[in-house]
Amino acid sequence: FSEHVKRNHNFNFENLQISINPGYIGELAQKGCHEETSLNALLGHEAGHYVYYPGSVLNLLRLHKVARESLDEEQAFAAREAFLNIQNNTHLVQDKSYESVPETLKAEAVDIKGLHRIMFGLYQESWQRDLGVRLKKDEKALVKRLHGIDYLDRDSQEQNLREFVGLIKEYLEQQKPEQ
């Protein structure tokens, strides 16, 4: 799922609680995603962060350190979050058959920008599902390169994040003025 500035949903590692903004569920419903579907997807997504990606505060910090090797703080945060969300959502769809995830992402895709466009393009490519995102030629080329990363290989997670960062770094630089 895309991470919104206002944090519509999250898992808090300090108190081990999942928070979901009820207004956000309403927004998704207005975009055609049933409340039960979006709640299932968001709860599964946030629980997935606790159990799998990143799975611990230590892993979250370790991955952030890897992203900071090549990026400034703001870009490292965005890259780490994107990487973890790609891992988590891909795990839910490919390994756990969470049909609610693509349905909810399709509703989220209505107004995505920046790196989220690349993430959703990658989901479309990886899962062979139309989320309604139409990419520009350069975005398609980036998605094709990103598609070569094995996001679910936990043993190579740090190296895969380095590769991910290397591929999106230029894109993040180009997006900076827009943000």
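Residues numbered from 1 in each chain as written. Predicted model: local features only at pLDDT ≥ 70, side-chain atom pairs only at ≥ 80, totals over all residues. Heavy atoms only, no water.

### Digging into the overall build of the chain
Next up, step 1: Each helix and strand counted, the chain has eight helices and two strands in total.
Next up, step 2: Listing each helix as α and each strand as β along the chain from the N terminus yields β-β-α-α-α-α-α-α-α-α.
Next up, step 3: Taking 16 Å as the expected radius of gyration for a compact globule of 179 residues, we find that the chain reaches 15 Å, a close match to that expectation.
Next up, step 4: In terms of principal-axis extent, the alpha carbons of the chain reach across some 40 × 40 × 30 Å.
Next up, step 5: Residue burial in the chain is summarised as follows: out of 179 residues, 46% are buried.
Next up, step 6: For the chain, restricting intrachain contacts to residue pairs at least 6 apart in sequence, the fraction spanning at least 24 positions comes to 65%.
Next up, step 7: Computing the positive centroid from 22 side-chain charges and the negative centroid from 28, the chain places the two 4 Å apart. (Helix = DSSP H or I, 4+ residues; strand = E, 2+ residues; numbered from the N terminus. Rg over C-alpha atoms; globule rule 2.2 N^0.38 Å. Buried < 20%, exposed > 50% of the residue type's maximum accessible area, 1.4 Å probe, protein only. Contact = heavy atoms within 4.5 Å. Lys, Arg positive; Asp, Glu negative; His and termini not counted. Charge placed at Lys NZ, Arg CZ, Asp CG, Glu CD.)

### Topic: the pattern of salt bridges
Next up, step 1: Enumeration according to the criterion identifies nine salt bridges in this entry.
Next up, step 2: In this structure, K31 engages D111 in a salt bridge whose closest nitrogen and oxygen atoms are separated by 3.2 Å. On the criterion of sequence distance, the pair formed by K31 in the loop between α1 (22–30) and α2 (35–51) and D111 in the loop between α5 (100–108) and α6 (115–127) is long-range, its members being 80 residues apart.
Next up, step 3: Accessibility expressed as a relative area gives 31% for K31, which makes it partly exposed.
Next up, step 4: What makes D111 partly exposed here is its relative accessible area of 46%.
Next up, step 5: E81 is paired through a salt bridge with R80; the nearest N and O atoms lie 2.6 Å apart. (Salt bridge = Lys/Arg side-chain N within 4 Å of Asp/Glu carboxyl O.)

### Details of the confidence of the model for the chain
Next up, step 1: Model confidence for the chain is summarised by a mean pLDDT of 93, while 95% of its residues fall at 70 or above.
Next up, step 2: Confidence scores differ between elements of the chain, with strand β1 (residues 9–12) showing the lowest mean pLDDT of 92 and helix α7 (residues 137–146) the highest of 98.
Next up, step 3: Considering only residues more than four positions removed or in separate chains, one finds that residues 1–6, a stretch of pLDDT under 50, has 24 contacts. (pLDDT = per-residue confidence, 0-100.)

### Notes on the side chain of H49
Next up, step 1: Inspection of the secondary structure puts H49 in helix α2.
Next up, step 2: Exposure remark for H49: the relative accessible area of 9% places this residue in the buried category.
Next up, step 3: Residues within four places of H49 in sequence aside, it is in contact with F13, P54, G55, L84, N85 and N88.

### Things to note about α7
Next up, step 1: Turning to α7, its buried residues are E139, L142, V143 and L146. For α7, the angular spread of buried residues about the axis comes to 100°, placing them on one side. Every exposed residue of α7 that faces more than 90 degrees away from the buried side is listed here: K137, K140 and K144.
Next up, step 2: Where the residues of α7 are buried, they touch α6 and α8 (157–175). (Arc of directions from axis to C-beta.)

### Brief notes about unusual backbone geometry
Next up, step 1: Omega for the peptide link from Y53 to P54 comes to 20°, which places this bond in the cis form.
Next up, step 2: Within the chain, L16 stands out as a residue other than glycine whose phi angle is a positive 60°.
Next up, step 3: A positive phi is found at Q128, a non-glycine position, where the angle reads about 55°.
Next up, step 4: Position of Q128 relative to the elements: it lies in the loop between α6 and α7.

### A short note on the packing of helix α3 (residues 57–68) against α8
Next up, step 1: For the pair α3 and α8, interaxial distance at closest approach is 9 Å and the crossing angle is 40°. On the basis of the axis angle, α3 is oblique to α8. Where α3 crosses over α8, the handedness of that crossing is right-handed. Packed against α3, whose contacting residues are N59, R62, L63, V66 and A67, the element α8 presents Q157, E158, L161, R162 and V165 at the interface.
Next up, step 2: The class makeup of the residues in the contact of α3 with α8 is five nonpolar, two polar and three charged. (Axes fitted to C-alpha atoms, helices over the stretch in contact; angles between N-to-C directions. Parallel < 35°, antiparallel > 145°, perpendicular 65-115°, else oblique. Left-handed = near helix turned anticlockwise from the far one by under 90°. Nonpolar A, V, L, I, M, F, W, Y, C, P; charged D, E, K, R; others polar.)

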